[in-house]
Amino acid sequence: MVVSKRIVLHFPKRMVDRPIVYRLIKDYNLEFNILKASVTPQEEGLMVLELKGKQEDYDKGIKYLTTAGVRIQSLSQDVFRNEERCTHCGVCITICPTDAFELDPSTRRVKFDNERCLACGLCILACPPRAMEVHF
Ligand code: SF4
Ligand code: SF4
């Protein structure tokens, strides 16, 4: 069975230069599409990937990543914004890897599109008034 999943990889600074994605293709026959890659202010590497391949290859690839020290964000989480807390400061706009936040130029308010959210958790840590919440 072929599976296709979107995942968020967080890898520590020491691994930023390692050919992680290359190994996924070469050793585990996985196809991928990089949706976003960045280095956060803490210099942790972050990559949003669409990964596709046979279920057994996918499982082995994920095992390789976790063994190598990569943290894979669970996408079963649901992220919400507490509208009463949000001050529309805009911090989340630059930090979100999937562009789920957007400034409405006419109202100067920040819109949140949770359809785009991959539950990486970065905005939850970064939001000054703690308006972003994850519900399990
Ligand atoms: S960082 Fe928090 S307070 Fe600021 S716009 Fe985003 S959700 Fe609202
Ligand atoms: S958790 Fe926050 S930063 Fe991460 S994808 Fe969702 S909205 Fe963007």
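To be clear, the structure that these remarks concern was listed above.
Residues numbered from 1 in each chain as written. Chains lettered and ligands numbered in written order. Predicted model: local features only at pLDDT ≥ 70, side-chain atom pairs only at ≥ 80, totals over all residues. Heavy atoms only, no water.

1. As for helix α1 (residues 20-28)
Turning to step 1, where the next piece is worked out: Turning to α1, its buried residues number three or more, namely I20, V21, L24 and Y28. Projected down its long axis, α1 carries its buried residues within an arc of 110 degrees, all on one side.
Turning to step 2, where the next piece is worked out: Taken from the residues just after α1, N29 is the one with a positive phi, measuring 55 degrees. (Buried < 20%, exposed > 50% of the residue type's maximum accessible area, 1.4 Å probe, protein only. Helix = DSSP H or I, 4+ residues; strand = E, 2+ residues; numbered from the N terminus. Arc of directions from axis to C-beta.)

2. Notes on the packing of α1 against helix α2 (residues 55-67)
Turning to step 1, where the next piece is worked out: One way to put it is that α1 packs onto α2 with a least axis distance of 10 Å and a crossing angle of 145 degrees. Judged by the sense of rotation from one axis to the other, the crossing of α1 with α2 is right-handed. Residues I20, R23, L24 and Y28 of α1 lie in contact with α2, whose contacting residues are D57, K60, G61, Y64 and L65.
Turning to step 2, where the next piece is worked out: In the contact of α1 with α2, the residues fall into 5 nonpolar, 1 polar and 3 charged. (Axes fitted to C-alpha atoms, helices over the stretch in contact; angles between N-to-C directions. Left-handed = near helix turned anticlockwise from the far one by under 90°. Contact = heavy atoms within 4.5 Å. Nonpolar A, V, L, I, M, F, W, Y, C, P; charged D, E, K, R; others polar.)

3. Notes on the sheet that holds strand β3 (residues 45-54)
Turning to step 1, where the next piece is worked out: Taken in spatial order, the 4 strands of this open sheet run β2-β3-β1-β4, and their pairing is antiparallel. Each edge of the open sheet is held by one strand with a lone partner, namely β2 (31-39) and β4 (71-73). Looking at each pair of strands side by side, their axes are set apart by 30 degrees on average, direction ignored.
Turning to step 2, where the next piece is worked out: Across 8 bridges, the pairing between β2 and β3 is antiparallel. The residue of β3 that forms the bridge with K36 is V48.
Turning to step 3, where the next piece is worked out: Each of β1 (2-11), β2 and β3 is contacted by α1, which is oriented at about 5 degrees to β3, the strand it contacts most. (Pairing = 2+ DSSP bridges.)

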